[in-house]
Amino acid sequence: MSIDPSLISESNLNTKSVKCKDCGDLILRKNVGTFIKKDIYLPKYNSRRPEDGEVESDFWFLNNMMKFDNIGFSKMVQGNDKTATSIVTPSPPEATGVVDPQNATNPTLHHQHVRYLTCCACDRGPVGVQLTPQEFYIDAKRVAYD
């Protein structure tokens, strides 16, 4: 299931404010996040088992944490392929970091340390992930819009 195209402007920005789907707290004002398609593994919403996750692909990207209105951060998490590690198919690989040498034709980036993003008010989530100090991804399907 893809997100409603009316949520994406011609310049790929969010046309509506992004809010927590549980408590309605404002996470991101409109015209701040850039819509991108990128495969990233996230634990299931409100699951206590990070290995029970799924690959999501519709995200609002931000390059600065100060652009959020309210967001919560987990502690730094170290993982492996199916637990807390985010699995990303980069484009191009040299722009995003470490390339998996086992799969050079279809490189996969394994982030060994990530922070999951949650609602600051109710602590539900994860609603997204921080992969590097300048890479924040909010799952476009795990939030509400206003």
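As shown above, the structure is provided for reference.
Residues numbered from 1 in each chain as written. Predicted model: local features only at pLDDT ≥ 70, side-chain atom pairs only at ≥ 80, totals over all residues. Heavy atoms only, no water.

Caption draft 1: Representation of the nonpolar core in the model. Formed by 19 residues in total, the largest nonpolar core has its most connected members in Ile 27, Trp 60, Phe 68 and Ile 138. Looking at this core, the elements with two or more residues in it are β1 (18-20), β2 (26-28), β4 (53-62) and β11 (135-139). (Core = buried A, V, L, I, M, F, W, Y, C linked by side-chain atoms within 4.5 Å. Buried < 20%, exposed > 50% of the residue type's maximum accessible area, 1.4 Å probe, protein only. Helix = DSSP H or I, 4+ residues; strand = E, 2+ residues; numbered from the N terminus.)

Caption draft 2: Local environment of the sheet that holds β1. An order of β2-β1-β12 is seen for the 3 strands of this open sheet, with the pairing classed as antiparallel. Each end of this open sheet is capped by a strand with a single partner; those strands are β2 and β12 (143-145). On average, each strand axis in the sheet is tilted by 45° relative to the strand beside it, whichever way the strands run. (Pairing = 2+ DSSP bridges. Axes fitted to C-alpha atoms, helices over the stretch in contact; angles between N-to-C directions.)

Caption draft 3: View of the side chain of Gln 130. For Gln 130, the location among the structural elements is in strand β10 (residues 128-132). Within the structure, the side chain of Gln 130 is placed 3.2 Å from the backbone oxygen of Thr 132, a separation counted as a polar contact. (Polar contact = N/O pair within 3.5 Å; in protein donor to acceptor, adjacent residues only side chain to side chain.)

Caption draft 4: Local environment of the pairing of β10. In terms of burial, β10 is a largely internal element, 4 of the 5 residues being buried. Direction of pairing for strand β9 (residues 113-118) relative to β10: antiparallel, over a ladder of 3 bridges. Its bridge partner being in β10, Leu 117 is matched across the sheet by Gly 128. Pairing analysis gives 4 bridges linking β10 to β11, with the strands arranged antiparallel. Paired with Gln 130 across the two strands is Phe 136, which belongs to β11. Turn length for the β10-β11 hairpin, with the two strands adjacent in sequence and antiparallel, is 2 residues.

Caption draft 5: Broad picture of the environment of Ile 40. Residue position: Ile 40 is located in strand β3 (residues 34-43). Residues Ile 40 and Asp 58, spaced 18 residues apart in sequence, show a C-alpha to C-alpha distance of 9.1 Å.

Caption draft 6: Seen up close, the packing of aromatic side chains. For the structure on display, the rule yields 5 aromatic pairs. Where Phe 73 meets Phe 136, the ring centres are 6.2 Å apart and the plane angle is 80°; that geometry is what we call edge-to-face. Taken together, the positions of Phe 73 in strand β5 (residues 72-73) and Phe 136 in strand β11 put the pair 63 residues apart, joining distant regions of the chain. Its relative accessible area of 0% is what places Phe 136 among the buried residues. An aromatic cluster is built from Phe 59, Phe 61 and Tyr 137, whose rings are joined through pairwise contacts. Note that Lys 21 overlies the ring of Tyr 45, its terminal NZ or CZ placed 4.3 Å from the centroid. (Phe/Tyr/Trp six-rings, centres within 6.5 Å; stacked < 30°, edge-to-face > 60°. Lys NZ or Arg CZ within 6 Å of the ring centre and 35° of its normal.)

Caption draft 7: How the structure looks around the pairing of β4. Two strands pair when backbone bridges link them, and β3 and β4 are joined in this way by 8 bridges, in the antiparallel orientation. Each bridged residue has a counterpart across the sheet, and for Thr 34 the counterpart in β4 is Phe 61. Where β4 meets β11, 4 bridges bridge the pair, whose relative direction is antiparallel. Residue pairing for β11: Trp 60 is matched across the bridge by Ile 138.

Caption draft 8: Just the side chain of Ser 17, in detail. Position of Ser 17 among the secondary structure elements: in the segment before β1. Here Ser 17 falls in the buried class, since its relative accessible area comes to 17%. Setting aside chain neighbours within four positions, we find Ser 17 in contact with Leu 26, Leu 28, Arg 29, Lys 30, Ala 144, Tyr 145 and Asp 146. (Contact = heavy atoms within 4.5 Å.)

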